[in-house]
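Residue-level structural notes
Residues per chain, in single letters:
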Amino acid sequence: MAFRFIDSHCHFDFAPFKGNEALYLQMAKDRGVTTFIVPSVNQSNWNQVNGLSKQFDGIYYALGIHPLFITSNYEKELESLAALLDEENNKCVAIGECGLDFWHQDNDKEIQISVFRQQCLLAKKHQLPLIIHSRKSHDMVVKLLREIKPERGGVIHGFSGSLQQANQFIELGFYIGVGGVISYERAKKTKMVVSQLPLDKILLETDAPDMPLFGFQGQKNTPDKVQKVCKHLALIRKESMQTISETVYKNTTSLFGI
Ligand SMILES: [Zn+2]
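Residues numbered from 1 in each chain as written. Predicted model: local features only at pLDDT ≥ 70, side-chain atom pairs only at ≥ 80, totals over all residues. Heavy atoms only, no water.

Quick look at the coordination of the zinc ion now. Each protein donor to the zinc ion is listed here as H9 (NE2), H11 (NE2), E97 (OE) and D207 (OD); together their distances run 2.1 to 2.6 Å. If you look at the zinc ion, its four donor atoms make angles of 84 to 171 degrees with each other, and the shape they trace is irregular. The motif formed by the donor residues of the zinc ion, counted along the single chain, is H-x1-H-x85-E-x109-D. With E97 in strand β4 (residues 92-101) and D207 in the loop between β8 (202-204) and α8 (226-237), this residue pair connects regions lying 110 residues apart in the sequence. Taking the relative accessible area as the measure of exposure, E97 reaches 2% and is therefore buried. Classification of D207 as buried rests on a relative accessible area of 11%. (Donors = N, O, S within 2.8 Å, 3.2 Å for Na, K, Ca; no water. Tetrahedral: all angles 85-135°; square planar, octahedral: opposite > 155°, others 65-115°. Helix = DSSP H or I, 4+ residues; strand = E, 2+ residues; numbered from the N terminus. Buried < 20%, exposed > 50% of the residue type's maximum accessible area, 1.4 Å probe, protein only.)

Further remarks concern the pattern of salt bridges. On inspection of all chains with the given rule, the structure shows seven salt bridges. Residues K124 and E151 are paired through a salt bridge, measuring 3.2 Å at the closest nitrogen-oxygen approach. Of this pair, K124 sits in helix α4 (residues 109-126) while E151 sits in the loop between α5 (138-148) and β6 (154-156); the two residues are 27 residues apart in sequence, bridging distant segments of the chain. Taking relative accessible area as the criterion, K124 reaches 29% and is therefore assigned partly exposed. Notably, a salt bridge pairs K188 with E185, separated by 3.9 Å at the nearest N-O pair. Judged on exposure class, the residue K188 and its partner E185 are both exposed. (Salt bridge = Lys/Arg side-chain N within 4 Å of Asp/Glu carboxyl O.)

Backbone torsion omega between A15 and P16 reads 5 degrees, so that peptide bond is classified as cis. Structurally, the position occupied by P16 is in the loop between β1 (5-7) and α1 (21-30). Along the chain, G96 connects to E97 via a cis peptide bond; the corresponding omega equals 5 degrees. The residue Q127 is not glycine, and still its phi comes out positive at about 50 degrees. With respect to the helices, strands and loops of the structure, Q127 is situated in the loop between α4 and β5 (130-135).

This brings us to the packing of aromatic side chains. Inspection of every chain in the model, using the stated rule, returns six aromatic pairs. Look at F12 and F36: their rings are 6.0 Å apart centre to centre, the planes differ by 20 degrees, and that puts the pair in the stacked class. With F12 in the loop between β1 and α1 and F36 in strand β2 (residues 33-38), this residue pair connects regions lying 24 residues apart in the sequence. The same class applies to F12 and to F36, which are both buried. A ring pair is formed by F17 and Y24, whose centres lie 5.1 Å apart and whose planes are at 85 degrees; its orientation type is edge-to-face. Y24 gets classed as buried once you look at its relative accessible area, which sits at 15%. Here the aromatic cluster, defined as three or more aromatic residues joined through ring pairs, consists of F12, F17, Y24 and F36. Over the aromatic face of Y249 sits the side chain of R4, whose NZ or CZ is 3.8 Å from the ring centroid. (Phe/Tyr/Trp six-rings, centres within 6.5 Å; stacked < 30°, edge-to-face > 60°. Lys NZ or Arg CZ within 6 Å of the ring centre and 35° of its normal.)

With that out of the way, let us pick up the UniProt feature "binding site: a divalent metal cation 1" (unreviewed entry) in the protein chain. Mapped onto this numbering, the UniProt entry annotates "binding site: a divalent metal cation 1" (unreviewed entry) at H9, H11, E97 and D207. Judged by maximum C-alpha separation, these annotated positions cover 199 residues in sequence but sit close together in space, the widest gap being only 11.2 Å. Classification of H11 by relative accessible area gives buried; the value is 4%. The contacts of H11, once residues within four sequence positions are left out, are F17, V38, P39, V41, E97, D207, A208 and P209. (UniProt positions renumbered as here; feature names shortened; annotations may be inferred. Contact = heavy atoms within 4.5 Å.)

Moving on, we get to the UniProt feature "binding site: a divalent metal cation 2" (unreviewed entry) in the protein chain. Listed under "binding site: a divalent metal cation 2" (unreviewed entry) in the UniProt record, and renumbered for this structure, are H133 and H157. In sequence the annotated residues extend across 25 residues, while in space they remain close, none of their C-alpha pairs exceeding 5.8 Å. Within the element layout of this structure, H133 appears in strand β5. When its relative accessible area of 13% is taken as the criterion, H133 is described as buried.

What follows deals with α5. Helical geometry note: an α-helix holds 3.6 residues per turn, so side chains three or four residues apart project in the same direction. Looking at α5, one finds that the buried residues are H138, V141, V142, L144, L145 and I148. Take α5 and look down its axis: the buried residues cluster within an arc of 165 degrees, on one side only. Those residues of α5 that are exposed and aimed more than 90 degrees away from the buried face are D139 and K143. Summarising the contacts, the buried residues of α5 are in contact with β4, α4, β5, α6 (163-171) and β7 (174-178). (Arc of directions from axis to C-beta.)

Okay, here's the thing in structure tokens:
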């Protein structure tokens, strides 16, 4: 039985993919992974992700400022982002990745909140979904989303948190991004959560080249591993790969309008 997958979060402009795109795309295709959403981290790679989408059919991209990649120039970057979004580009399918990361104590929370808030407003203005990175910050992300109400929703990528938090995001029109973390024995809480979520609110992702699966520690992660993430999810949820791959594929195309 052949399955088809979308890697909803893959940094395909990073090493080891850069310059070796055809090789990694073929590896992915051999596992049924035909489509990729490539988020950016700040102005430094907006051109690169756009370029990839022009070069390869199955690649779509997102423009945004990641909370851990905010530079001192962020106000200008937000202006450039707004200007870029005014240009027509049907392969730019989301704002991201953006969000909040309160894991590192020394980051300026107020600036993160302001940069994220402005990206939520841009998502609302341009009717685009958001690709959200949220670490130790779910309550504040929920608060901002409730306030701004970006209608197209988005995805909480690489979700880890409680079932209650996941459900708060779902109520706000968001999907939950599930990645390789569920391949680890120790990820008991996340596995319990993903076993209970409605399947039609789940997306699959690798976050490649980060977040290698169990058995691949110390190696660069690659987008073909979406198929393995699906396998783990099938075991955890006691559902077939067929059911999961079909439903998640539909979820992903419907969220990103592709
Ligand atoms: Zn990422």
